[in-house]
Amino acid sequence: MVFFRMHKAFKKLLVIIKQSLAAELNTQHLNRWLKGIILTILLIFSILFLPGLLQKFSLNVAFFSQPDSMEADSLVVAKMKQSIQKQITSLNNKVNAYTPKSYYLIINSTRNEFFLYKGKNMVHHGKCSTGSYLQLENGENQKWLFKTPKGEFRIRGKTKSPVWKKPDWAFVEEGLPVPSENHSSRFEYGVLGDYALSLGYGYLIHGTIYQRFLGLPVTHGCIRLNDDDLEKIYQSLEIGSKVFIY
Amino acid sequence: MKNRQSNRYLKLVTGILICAIMIYYLAIIASAPQRKLRHLEKETLADSVFVLQHSNFLADSGLFELAKTRAFLESRLLLSRSDSFSLAINLNDSTVNLSYKGIYIQSSKFEILEKDPFFDALRPIVMLKLFSTPLAVFYEKTSIVKEPIVVKKAPKDTIEAMNSIFMPDTLIQNPAYLIIGIDHDINIIMLQEKWLTKTEKKVWNKYLRIRNRLRFSDYFKNVFHPFKPHYSPTIVMSMDVNEIRSIYRALPVKAQVVIGF
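Calculation notes
Residues numbered from 1 in each chain as written. Chains lettered and ligands numbered in written order. Predicted model: local features only at pLDDT ≥ 70, side-chain atom pairs only at ≥ 80, totals over all residues. Heavy atoms only, no water. Patch = residues over 30% accessible without salt bridge, like charges linked within 9 Å, V, L, I, M, F, W, Y side chains within 5 Å. Areas by Shrake-Rupley, 256 points an atom, 1.4 Å probe, with all protein chains shown as cover. Salt bridge = Lys/Arg side-chain N within 4 Å of Asp/Glu carboxyl O. Lys, Arg positive; Asp, Glu negative; His and termini not counted. Charge placed at Lys NZ, Arg CZ, Asp CG, Glu CD. Helix = DSSP H or I, 4+ residues; strand = E, 2+ residues; numbered from the N terminus. Buried < 20%, exposed > 50% of the residue type's maximum accessible area, 1.4 Å probe, protein only. Polar contact = N/O pair within 3.5 Å; in protein donor to acceptor, adjacent residues only side chain to side chain. Contact = heavy atoms within 4.5 Å. Buried area = accessible area lost by both parts, 1.4 Å probe. Pairing = 2+ DSSP bridges. Phe/Tyr/Trp six-rings, centres within 6.5 Å; stacked < 30°, edge-to-face > 60°. Lys NZ or Arg CZ within 6 Å of the ring centre and 35° of its normal. 1 Å grid on protein atoms, 1.4 Å probe; cavity = no way out; pocket = protein on both sides within 12 Å on 5 of 7 lines; lining within 4 Å. Points joined across faces, edges and corners; volume = space filled by probe spheres on them. Nonpolar A, V, L, I, M, F, W, Y, C, P; charged D, E, K, R; others polar. Right-handed = clockwise from strand over helix to strand, strands pointing away.

**Overview of a positive patch on the surface**
Thought 1: On the surface, a cluster of positive charge is made up of Arg32(A), Lys35(A), Arg4(B), Arg8(B) and Lys11(B).
Thought 2: Of all elements in the fold, only helix H2 (27-48) of chain A together with helix H1 (2-30) of chain B reach the threshold of two or more residues within the positive patch.
Thought 3: Per-element accounting of the positive patch gives the leading share, 3 residues, to H1(B).
Thought 4: Within the secondary structure layout, Arg32(A) lies in helix H2.
Thought 5: You can call Arg32(A) exposed: its relative accessible area is 64%.

What follows is the structure in structure tokens.
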């Protein structure tokens, strides 16, 4: 039934096309069509493109019609220049005062790179690994988002030969039952490298046994470095040193 | 006979009406930049204290250059009071700087692809006023995912865990454009340098569609609200794709931008 209706409609459409083609053969009709098409194109051009062109033209006219600058006594100008120079120096000092004089670390979590600075000078840089943005869901109630936080942090603690106390998510992720708070299976030795620097809230800068993943977002929120970079940073940053993560 | 004459009148009236509408449409849109220039000038001159303090700087081009540097530093200092990431765009040395409490965290070089003639048409005193304070971002349009979150269900046992090991995905780095709308309807657009692959061309077309939409929205705002000029002067810059991503992911929702000109 549907096919029959479609066939009928198609036949009707063919008749209309045939009729309109026959009408087009008439030169008067053809002229009208041409006029219509040209007018439509002109209308579309005037609506879409002409305003932009006119705007640019009007701005160029405005640029050339700007009045000349005022004239002033050269002595006054020289004095003013001196005064502004002084203000600029003072402002520069104020702006520069925000930059820490000692070592600080900048971490780019998009590129997974770190930059160690002392004052305005970059002294070391390399690859690191930051949060994977993986959201682990265990039923309705338990959710963990493995993301490295952004902003300004300070080094809150420094540890040699750190031991990793595995949190609950580490067991959930491996499909293992979560043990009690101080169960021996929670403690892993050597996986965090030789040093760890704490940023607070459970986030660490530490080493890794997965060095092939450096430069990629694979961590649970911590910042992983290779052994040499970690040592350099451990030695350079003091407790209280600033770490900027973006 | 009468019918033919009335038809002719109808055609004439319709033609005149269409012409009048078109003239109004073109005039109101074409005059928008000029009206905006005048509007900003009026706003600046209304601040008599500012004019008094700064009008002398127009006496000498060297003095004006110094005044520009001072304005940029002053606005950077104001920016340092905010405790979130912000942008400092210096058009003189072509750098976009991601700033946090006054410290430059990332500095990226850019190349200007398009600078609206509107900026050259601004009077120097208006420019000083316009860019001597941080400008607030009021919208962003981008192809970049702010937080590329991947959801994973916890495995039931160790065998399922072994089968669902998460492999780091480096392919989520889609082509990047970033359109930032700041105060005074200024648009800052950051584009990646090359658009060669099929995916890149697809994103490029989307970018063009958004730009056209923004342009036409300005046109129609002018038509329907003729008393306020709607014009969005735009600066388009091309820079490293990863740096655009880093900037966008670092910026908070209501970020601030300072422009050194």
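Now that the structure has been shown, the text picks up again.
**Looking at a negative patch on the surface**
Thought 1: Taken together, the side chains of Asp194(A), Asp227(A), Asp228(A) and Glu231(A) present a region of like negative charge at the surface.
Thought 2: Judged by its relative accessible area of 49%, Asp194(A) falls in the partly exposed class.

**Regarding the side chain of Arg186(A)**
Residue and element names in this part refer to chain A.
Thought 1: For Arg186, the location among the structural elements is in the loop between helix H5 (168-173) and strand E9 (187-189).
Thought 2: With relative accessibility at 3%, the residue Arg186 sits in the buried group.
Thought 3: Looking at Arg186, its side chain comes within polar contact range of the main-chain oxygen of Ser180, at 3.0 Å.

**Here's the deal with the interface of chain B and chain A**
Thought 1: Opposite the 71 residues of chain B that make contact, chain A presents 62 residues.
Thought 2: Both sides of the chain B and chain A interface together cover about 5800 Å² of buried area, and 68% of this is carbon and sulfur.
Thought 3: At the surface where chain B touches chain A, the tally comes to 5 salt bridges.
Thought 4: Residues Lys101(B) and Glu152(A) are paired through a salt bridge, measuring 3.0 Å at the closest nitrogen-oxygen approach.
Thought 5: Where chain B packs against chain A, one counts 21 residue pairs in polar contact (both at pLDDT 80 or more).
Thought 6: Residue contributions to the side of chain B that touches chain A peak at 10 residues, all from helix H4 (residues 61-79) of chain B.
Thought 7: Of the strand pairs in this sheet, strand E4 (residues 134-138) of chain A and strand E6 (residues 150-153) of chain B are connected by 4 bridges, and their pairing is parallel. Its bridge partner being in E6(B), Leu136(A) is matched across the sheet by Lys152(B).

**What to know about the sheet that holds strand E12 (residues 223-224) of chain A**
Residue and element names in this part refer to chain A.
Thought 1: Spatially, 4 strands are ordered E7-E10-E11-E12 in an open sheet, and the strand pairing comes out mixed. If you trace the sheet from one side to the other, it starts and ends with strand E7 (157-160) and E12, each paired once.
Thought 2: Pairing geometry for strand E11 (residues 203-206) and E12, over 2 bridges, is parallel. The partner of His206 across the bridge, within E12, is Arg224.

**A short note on the packing of aromatic side chains**
Thought 1: Within the structure shown, the criterion is met by 19 aromatic pairs over all chains.
Thought 2: Look at Trp164(A) and Trp169(A): their rings are 6.1 Å apart centre to centre, the planes differ by 45°, and that puts the pair in the tilted class.
Thought 3: You can call Trp164(A) partly exposed: its relative accessible area is 22%.
Thought 4: Centre to centre, the rings of Trp195(B) and Trp204(B) are 5.3 Å apart; their planes meet at 50°, and the pair counts as tilted.
Thought 5: Trp195(B) sits in the buried class, given a relative accessible area of 15%.
Thought 6: Through a chain of ring-to-ring contacts, the aromatic side chains of Tyr104(A), Tyr117(A), Phe244(A), Tyr246(A), Phe85(B) and Tyr100(B) assemble into a single cluster.
Thought 7: Geometry around Phe171(A) places Lys166(A) over its ring, the cationic atom sitting 4.7 Å from the centre.
Thought 8: Over the face of the ring belonging to Phe213(A) we find Arg212(A), whose NZ or CZ atom lies 4.6 Å from the ring centre.

**Topic: the layout of surface pockets**
Thought 1: By volume, the largest pocket is sized at about 1100 Å³.
Thought 2: For the largest pocket, the lining is made up of 41 residues, of which Trp164(A), Trp169(A), Glu173(A), His220(A) and Arg224(A) are closest to its centre.
Thought 3: The residue inventory of the lining of the largest pocket, partitioned by class, reads 24 nonpolar, 10 polar and 7 charged.
Thought 4: For the second largest pocket, the lining is made up of 34 residues, of which Arg215(B), Asp218(B), Tyr231(B), Ser232(B) and Thr234(B) are closest to its centre.
Thought 5: Counting residues per element, the ones that place at least two in the lining of the second largest pocket are helix H3 (50-64) of chain A together with helix H2 (32-46), strand E4 (111-115), strand E5 (135-142) and helix H8 (198-224) of chain B.
Thought 6: Considered class by class, the residues forming the lining of the second largest pocket number 12 nonpolar, 10 polar and 12 charged.

**Considerations on the pairing of strand E9 (residues 234-239) of chain B**
All names here are of chain B.
Thought 1: Among the 6 residues of E9, 6 are classified as buried, and the element is accordingly described as predominantly covered.
Thought 2: Alternating residues of E9 divide into Thr234, Val236 and Ser238 and Ile235, Met237 and Met239, and every residue in both groups is buried.
Thought 3: Bridge analysis of E4 against E9 gives 4 bridges, and the strand direction is antiparallel. Its bridge partner being in E9, Ile112 is matched across the sheet by Met237.
Thought 4: Pairing analysis gives 6 bridges linking strand E8 (residues 186-192) to E9, with the strands arranged parallel. By the bridge assignment for E9, Asn187 is matched with Thr234.
Thought 5: Crossover connection from E8 via H8 to parallel E9: handedness right-handed.

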